[in-house]
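If you want the building blocks of each chain, they are given just below.
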Amino acid sequence: MPKFNDLIPEAWKESEIWTDSLWIIPERDNSGKHSGFYHGNFVPQVPRQLILKYTKKNDVVFDPFMGSGTTAYEAETLGRNFIGVDIQKELVDYVRQNVEPSNNFTELMSGDSTKAATFKKIKSTLDVHKIKNVQFAILHPPYTDIIKFSNLKDDLSNAVSLKDFLAKFTKVLKNTIDLLEDDRYLAIVIGDKYTAGEWIPLGFYCMNEAQELGLKLKSVIIKNMAGNRAKQNKEAIWRYRALMSDYYIFKHEYILIFKK
Ligand SMILES: C[S@@+](CC[C@H](N)C(=O)[O-])C[C@H]1O[C@@H](n2cnc3c(N)ncnc32)[C@H](O)[C@@H]1O
C-alpha cells in the first residue's frame, strides 16, 4: 500500500484515481459548493485527483493561492484538514462562509504568501492543532499578468516583470517547502503565455525554480484547458488568427508533481 494515500491494494480496480499523464477533462464539476464564478479557478477534478493520490484521510492540505476555495471544498468532502491563504481578504471571507464544521479543520487566512510573517501565522495555527507540517501542497499561482486578480501590489499578477514574478513565486515555494513534511508531495498548476509575439514557458521556468530548491520532479501532467472561447463563440476567430500566423492556440496547462 502506498505510504502517502489510502489506496487499498486489493481494491485497486475500483479506484477512481487517474494514472495517466494526460488529463482531458471534458467538463467542469459544478456540483456542491463549486460555482465556477471565479475567473481563473480550478476545475475541481484537479485538486480532487491530487488529494486522492497524495494524501490520506486527516492529512493537512495546504494552498497558498486559495482563490475561491476549490481545494478547500475538495479537502472538506474528502475528509482532509485544510489550510488556505489568499491575498484578497474578501475571497477568504467568501470561502469561510462556505465551509462547514466537520471532524477536520479548515483554517483560512488572508495574507501574502511570499512573506515569512504569513507562514509564522500558519505555524502558530498548526501548533494549536499539535501538528508540525502539512502533508500536501498545491500551488496555483497567477499565470503572471494573464488575469489581474486584484490591485494589490504584492499580488503576483501585478509583478512588474517575469523576473519579479519568478522571484516572488520562488519565495512562496520556499516558504511552502519549509512547511511540507519530508518525503511528501507538492503540485504546481500553471500555464504558459504569449508576450510580444513570443511563447513564454512559465511552466518550465517554475519547474526549474522548484528543482533548484531541491525538489524531485515526479511527473509532468498535461491538462486540457476547458474552452471559454467556445462558450463565447470565439473559436473560429482564434483559429483564423492562428492559421494566418506562426503560432498554435494554447489548449493545455501543466500539473507538475514534486517530492520533498
Ligand atoms: C489562479 S488563482 C487561484 C485560483 C484557485 N485555485 C481557485 O480554484 O479559485 C491565484 C490566486 O492567487 C492569489 N494571490 C496572488 N498573489 C498572492 C500572494 N502574494 N499571496 C497570496 N495569494 C496571492 C490571487 O488573489 C488569486 O486568488
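Each remark here, short or long, concerns the structure printed above.
Quick look at the structure, then. These figures come from a predicted structure and were not determined experimentally.

Criteria and cut-off values
Residues numbered from 1 in each chain as written. Predicted model: local features only at pLDDT ≥ 70, side-chain atom pairs only at ≥ 80, totals over all residues. Heavy atoms only, no water. 1 Å grid on protein atoms, 1.4 Å probe; cavity = no way out; pocket = protein on both sides within 12 Å on 5 of 7 lines; lining within 4 Å. Points joined across faces, edges and corners; volume = space filled by probe spheres on them. Nonpolar A, V, L, I, M, F, W, Y, C, P; charged D, E, K, R; others polar. Near = heavy atom within 4 Å. Areas by Shrake-Rupley, 256 points an atom, 1.4 Å probe, with all protein chains shown as cover. Axes fitted to C-alpha atoms, helices over the stretch in contact; angles between N-to-C directions. Helix = DSSP H or I, 4+ residues; strand = E, 2+ residues; numbered from the N terminus. Parallel < 35°, antiparallel > 145°, perpendicular 65-115°, else oblique. Left-handed = near helix turned anticlockwise from the far one by under 90°. Contact = heavy atoms within 4.5 Å. Polar contact = N/O pair within 3.5 Å; in protein donor to acceptor, adjacent residues only side chain to side chain. Pairing = 2+ DSSP bridges. Right-handed = clockwise from strand over helix to strand, strands pointing away. Salt bridge = Lys/Arg side-chain N within 4 Å of Asp/Glu carboxyl O. Buried < 20%, exposed > 50% of the residue type's maximum accessible area, 1.4 Å probe, protein only.

Structural notes on empty space enclosed by the protein
A water-sized probe, rolled over the atoms, reveals where empty space remains.
Part 1 of the argument: For the structure shown, the criterion picks out two cavities of 30 Å³ or more.
Part 2 of the argument: Lining of the largest cavity is provided by 13 residues; of these, His34, Ser35, Gly36, Asn41 and Ser68 occupy positions nearest its centre.
Part 3 of the argument: Grouping the amino acids of the lining of the largest cavity by side-chain chemistry returns five nonpolar, six polar and two charged.

Topic: the site of the ligand
Part 1 of the argument: In the vicinity of the ligand lie 25 residues, with Tyr38, Ser68, Thr70, Asp86 and Gln88 positioned nearest.
Part 2 of the argument: Isolated, the ligand exposes 600 Å² of accessible area, and the fraction of that covered by the protein chains is 99%.
Part 3 of the argument: Residue composition of the shell around the ligand, grouped by class: eleven nonpolar, ten polar and four charged.

Here's the deal with the packing of helix α4 (residues 116-128) against helix α5 (residues 162-179)
A pair of packed helices is captured by two measures, namely the crossing angle of their axes and the spacing between those axes.
Part 1 of the argument: Interhelical geometry of α4 versus α5 gives an angle of 20° and a closest axis separation of 10 Å. Here α5 runs roughly parallel to α4, going by the angle between their axes. The handedness of the crossing between α4 and α5 comes out as right-handed. Contact with α4, carried on its side by Ala116, Phe119, Ile122, Lys123 and Leu126, involves Asn175, Thr176 and Leu179 of α5 and no other residues of that element.
Part 2 of the argument: For the contact of α4 with α5, the residue count by class is five nonpolar, two polar and one charged.

Section: the environment of Ser102
Part 1 of the argument: Structurally, the position occupied by Ser102 is in the loop between α3 (89-98) and β4 (106-110).
Part 2 of the argument: Between the alpha carbons of Ser102 and Thr71 there is a distance of 16 Å; along the sequence they are 31 residues apart.
Part 3 of the argument: A polar side-chain atom of Ser102 sits 3.1 Å from the main-chain amide nitrogen of Asn104.

Notes on the pairing of β4
Part 1 of the argument: Here five bridges tie strand β3 (residues 81-86) to β4, and the two strands are oriented parallel to one another. For Asp86, the partnering residue across the bridge sits in β4 and is Ser110.
Part 2 of the argument: Taking the sense of rotation as the criterion, the β-α-β connection linking β3, α3 and β4 turns out right-handed.

Notes on the pattern of salt bridges
Part 1 of the argument: Under the defined criterion, the tally for this structure stands at 16 salt bridges.
Part 2 of the argument: A salt bridge links Glu74 to Arg48, with the shortest nitrogen-to-oxygen separation between them at 3.3 Å. Of the two residues, Glu74 sits in helix α2 (residues 70-77) while Arg48 sits in helix α1 (residues 45-54), which places them 26 residues apart along the sequence.
Part 3 of the argument: According to the relative accessible area criterion, Glu74 is buried, its value standing at 4%.
Part 4 of the argument: Exposure remark for Arg48: the relative accessible area of 23% places this residue in the partly exposed category.
Part 5 of the argument: Between Asp59 and Arg184 there is a salt bridge, with its nearest N and O atoms 2.6 Å apart.

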